[in-house]
Amino acid sequence: MTAISMELNKVCLSYPIYGSNGRSFKRNLINITTGGRLHRQANHMVVDALNEVSFTLRSGDRLGLVGHNGAGKTTLMRVLAQIYEPTRGSIEVCGRISSLFDIELGMDLESTGYENIIIRGLLLGLTAKKMKQLTPEIEAFTEMGDFLSMPIKTYSAGMMVRLAFAIVTAAAPNILLMDEIIGAGDNRFMEKAQQRLEQFIHQSDILVMASHSNEALKKFCNKVLWLEHGKVKAFGPAAEIIDLYEQANHT
Amino acid sequence: MNNHQAARKDIVDAVKGWPIWSYMSVLEMRQRYRRSTIGPWWITVSMAVFIAAMSVIYSRLFHQDMATYVPFFTVGILFWTFMSACVNDAVDAFKHSAGYIKQMKLPYFFYLFKHIYRQILFLMHNFVVYILVAVYFQLPILHWTLLLFIPGFLLFLMNLTWVTLLVGLLGIRFRDIVQVVASCVQITFFISPITWMPKLVGENSLIVKLNPVSYLLEVVRAPLLGHVPSLQSWLVLLIMAVLGSLFTFWVFSRYRARIPFWVD
């Protein structure tokens, strides 16, 4: 087994944003046939979302991302999840990544709770066998009993979140990516969920978390990356960078 | 990893993920027919009614006897329905999965396979109509020629796969492609030998010879009706499959990284 790690080397990402004209096949065709090459730039804007972002994370690292809205936190998260590919620069990842951006994604309303445990697990990169092993533990955590044999469309919103949360936190990945902390269900459940989440976070080798809550970042992270306009403004020990970031925000 | 390697890895990973996408296809199909007792068999029933009605009218219109016309039309329309649904909904293969594409790393071919497999499931349901027709009209199919269906269908699928991917990619990049494709598919239906037999326009007519769909239909239809498809059909499709796949692979490896931005 190679060591769990994540290495970004001068990652740049720019992407086009198309206006309605840029997305029209007819317009593009007319532009080509009328020799309208000059106008083509006007059809879309290019956004430089990330600019030369470099850092290395090794097993045990807990990285927090801070920055204003639109600073590139979510974009960076998606690069780490290997959803967006860098336009320039490179990213190397060793380990199973799990991205918890939307925990209810991939739940099938017509299927039962048990069926959803399997399918959601498969999407997380686990095997059906592994999910069967984890099922009793998920059953116990959700406290939903026989409801798990019912189609999940019969669930209340709270139950749905509870099940989704129990599934995605059942097995810790090597690398965990979280965009804001996930909350689940009613108050009594929140406490239980909090404990499970903390345990889950501790079990994963690497954590990357974006959050607007500096408290949460201080609690979970040992390193912080401050992004501004897609560039690394500062990177270092959590407490230090968060202090810097808070000072900058207050002045 | 360069673009070609990444694209190849995408395909390999997607093939390995077959238990997931095949299962998801079944779920999606079930979802569409929830709350109806016979479920997806509805499409079989409506297909049977459609074929029965059209057969009566067209066999009169073209002065064909029922025993030859009904099986011909049945097989043609079954595979046409499959093919046109794949291509018409190709854009949805990616667009409906935008949530997944933007949230987790799955190979893009995963969505393509899921989409095509779901249409294959519908085809399999509709296939019951063919079996009924074959039994009723006592088609001479229990013969080695039926085995030719297997390579024929594989060729058919290979071509359908690249066309679907290409249309899907174009469709998420250019929003108005959907309408263009829909009109093209509709016109293709009328100019392809589905409702009319090729001999009616003359076997060597250009509308048959230059129409790729007529070859696609020929290789699956002939074995199911107890004939041997022409060697020419297989050759044409083989060449189309190779050239089309190469071109689509090139497009895919070049623009693959843009997909998560295009599905917005």
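Worth saying up front: this structure is predicted, and the values here are computed from it rather than measured.

Draft legend 1. Focus on the domain arrangement of chain A. Residue and element names in this part refer to chain A. Domain annotation for chain A reports domain 1 (5-95 + 210-250) and domain 2 (100-173 + 180-203). Contact residues are listed per partner, giving 11 residues for domain 1 and 6 residues for domain 2. Buried area between domain 1 and domain 2, summed over both chains or domains, comes out near 730 Å², and the portion from carbon and sulfur atoms is 59%. Linking domain 1 with domain 2 are 1 salt bridge.

Draft legend 2. Just the pattern of salt bridges, in detail. Across all of its chains, the model carries 9 salt bridges over all chains by this definition. Note that Glu-137 of chain A and Arg-196 of chain A form a salt bridge whose closest N and O atoms lie 2.7 Å from each other. Remark: Arg-196 of chain A occurs in helix H7 (residues 187-203) and Glu-137 of chain A occurs in helix H5 (residues 128-142); sequence separation between them is 59 residues. Classification of Arg-196 of chain A as buried rests on a relative accessible area of 8%. Linking Arg-118 of chain B and Glu-28 of chain B is a salt bridge whose minimum nitrogen-to-oxygen distance equals 2.9 Å.

Draft legend 3. Representation of the nonpolar core within the structure. Membership of the largest hydrophobic core comes to 130 residues, with the highest contact counts inside it found for Ile-138 and Leu-163 of chain A together with Phe-79, Phe-82, Phe-110, Phe-153 and Phe-156 of chain B. Composition of this core by domain shows at least three residues from each of domain 1 (5-95 + 210-250) and domain 2 (100-173 + 180-203) of chain A. Setting aside chain neighbours within four positions, we find Phe-110 of chain B in contact with Leu-123 of chain A together with Ala-14, Gly-17, Ile-20, Trp-21 and Met-24 of chain B. Phe-55, Phe-101 and Ala-210 of chain A together with Phe-261 of chain B belong to the second-largest nonpolar core, a separate cluster that totals 32 residues.

Draft legend 4. Structural view of the interface of chain B and chain A. Counting residues at the interface gives 30 residues for chain B, matched by 29 residues for chain A. Buried area between chain B and chain A, both sides added, is near 2900 Å², and the carbon and sulfur share of it is 57%. Its largest share of buried area at the contact with chain A, chain B owes to Gln-103, Arg-173 and Phe-261 of chain B, together 22% of the area lost on that side. Along the contact surface separating chain B from chain A lie 1 salt bridge. With a closest N to O distance of 2.3 Å, Glu-85 of chain A and Arg-256 of chain B form a salt bridge. Where chain B packs against chain A, one counts 4 residue pairs in polar contact (both at pLDDT 80 or more).

Draft legend 5. Spatial organisation of unusual backbone geometry. Of note, His-229 of chain A is a non-glycine position whose phi angle comes to about 50°, a positive value. Here His-229 of chain A lies in the loop between strand S8 (223-228) and strand S9 (231-237). For His-229 of chain A, a relative accessible area of 69% translates into the label exposed. At His-63 of chain B, a position not held by glycine, the phi torsion is positive, near 50°. If you trace the backbone, His-63 of chain B turns up in the loop between helix H3 (41-61) and helix H4 (66-88).

Draft legend 6. Highlighting the sheet that holds strand S6 (residues 175-179) of chain A. Residue and element names in this part refer to chain A. The strand order across the open sheet formed by 6 strands is S5-S6-S7-S3-S8-S9, and the pairing between neighbours is mixed. Of all strands in the sheet, those with a lone pairing partner are strand S5 (97-100) and S9, marking the two edges. With strand direction ignored, the average angle separating the axes of adjacent strands in the sheet is 15°. Relative to strand S7 (residues 206-210), S6 runs parallel, the two sharing 5 bridges. Along S7, the bridge assignment pairs Asp-179 with Ala-210.

Draft legend 7. Up close: the packing of helix H2 (residues 18-32) of chain B against helix H7 (residues 108-136) of chain B. Residue and element names in this part refer to chain B. Where H2 contacts H7, the axes come no closer than 8 Å and their chain directions differ by 55°. By the angle class used here, H2 and H7 are oblique. In terms of crossing hand, the pair formed by H2 and H7 is right-handed. From H2, Ile-20, Trp-21, Ser-22, Met-24, Ser-25, Val-26, Glu-28, Met-29 and Arg-32 reach across to H7, where they touch Phe-110, Phe-113, Lys-114, Tyr-117, Arg-118, Leu-121, Phe-122 and His-125. The class makeup of the residues in the contact of H2 with H7 is 10 nonpolar, 3 polar and 4 charged.

Draft legend 8. Fine view of the pairing of S6 of chain A. All names here are of chain A. Summarising burial for S6: 4 of the 5 residues are buried, a large majority. For S5 and S6, the ladder comprises 4 bridges, and the chain directions are parallel. Within S6, the residue paired with Ile-97 across the bridge is Ile-175.

Draft legend 9. Broad picture of the packing of helix H8 (residues 149-173) of chain B against helix H12 (residues 212-225) of chain B. Residue and element names in this part refer to chain B. The interhelical angle for the contact between H8 and H12, taken along N-to-C directions, is 155°, at an axis separation of 9 Å. Here H8 is positioned roughly antiparallel relative to H12, judged by the angle of their axes. As H8 runs across H12, the sense of the crossing is left-handed. Each of Phe-149, Gly-152, Phe-153, Phe-156 and Asn-159 in H8 lies in contact with H12, whose residues at this interface are Leu-216, Val-219, Val-220, Pro-223 and Leu-224.

Draft legend 10. Quick peek at the side chain of Asn-159 of chain B. Residues and elements named next belong to chain B. Locating Asn-159 in the fold gives a position in helix H8. At a separation of 3.2 Å, a polar atom in the side chain of Asn-159 contacts the main-chain carbonyl oxygen of Leu-237. Apart from residues no more than four positions distant in its own chain, Asn-159 is found in contact with Leu-216, Leu-237, Met-240 and Ala-241.

Draft legend 11. How the structure looks around the packing of aromatic side chains. Applying the stated rule across the entire model yields 31 aromatic pairs over all chains. Where Phe-82 of chain B meets Phe-153 of chain B, the ring centres are 6.3 Å apart and the plane angle is 35°; that geometry is what we call tilted. A residue pair is termed long-range when its members are at least 10 positions apart, and Phe-82 of chain B in helix H4 and Phe-153 of chain B in helix H8 qualify at 71 residues. A cation over a ring is seen here: Arg-196 of chain A above Phe-141 of chain A, with NZ or CZ 4.2 Å from the ring centre. Taking the ring centre of Trp-226 of chain A as reference, the NZ or CZ of Lys-233 of chain A above it sits at 5.3 Å.

Draft legend 12. Molecular detail of a nonpolar patch on the surface. Residues and elements named next belong to chain B. Together, Ile-38, Trp-41, Trp-42, Val-45, Val-49, Val-128 and Leu-132 make up an exposed nonpolar region whose accessible area comes to about 650 Å². Elements with a minimum of two residues in the nonpolar patch: H3 and H7. The element contributing the most residues to the nonpolar patch is H3, with 4 residues. With respect to the helices and strands, the residue Val-45 is situated in helix H3.

Cut-offs applied
- Residues numbered from 1 in each chain as written.
- Chains lettered and ligands numbered in written order.
- Predicted model: local features only at pLDDT ≥ 70, side-chain atom pairs only at ≥ 80, totals over all residues.
- Heavy atoms only, no water.
- Domains from an automatic or database assignment.
- Contact = heavy atoms within 4.5 Å.
- Buried area = accessible area lost by both parts, 1.4 Å probe.
- Salt bridge = Lys/Arg side-chain N within 4 Å of Asp/Glu carboxyl O.
- Helix = DSSP H or I, 4+ residues; strand = E, 2+ residues; numbered from the N terminus.
- Buried < 20%, exposed > 50% of the residue type's maximum accessible area, 1.4 Å probe, protein only.
- Core = buried A, V, L, I, M, F, W, Y, C linked by side-chain atoms within 4.5 Å.
- Polar contact = N/O pair within 3.5 Å; in protein donor to acceptor, adjacent residues only side chain to side chain.
- Pairing = 2+ DSSP bridges.
- Axes fitted to C-alpha atoms, helices over the stretch in contact; angles between N-to-C directions.
- Parallel < 35°, antiparallel > 145°, perpendicular 65-115°, else oblique.
- Left-handed = near helix turned anticlockwise from the far one by under 90°.
- Nonpolar A, V, L, I, M, F, W, Y, C, P; charged D, E, K, R; others polar.
- Phe/Tyr/Trp six-rings, centres within 6.5 Å; stacked < 30°, edge-to-face > 60°.
- Lys NZ or Arg CZ within 6 Å of the ring centre and 35° of its normal.
- Patch = residues over 30% accessible without salt bridge, like charges linked within 9 Å, V, L, I, M, F, W, Y side chains within 5 Å.
- Areas by Shrake-Rupley, 256 points an atom, 1.4 Å probe, with all protein chains shown as cover.

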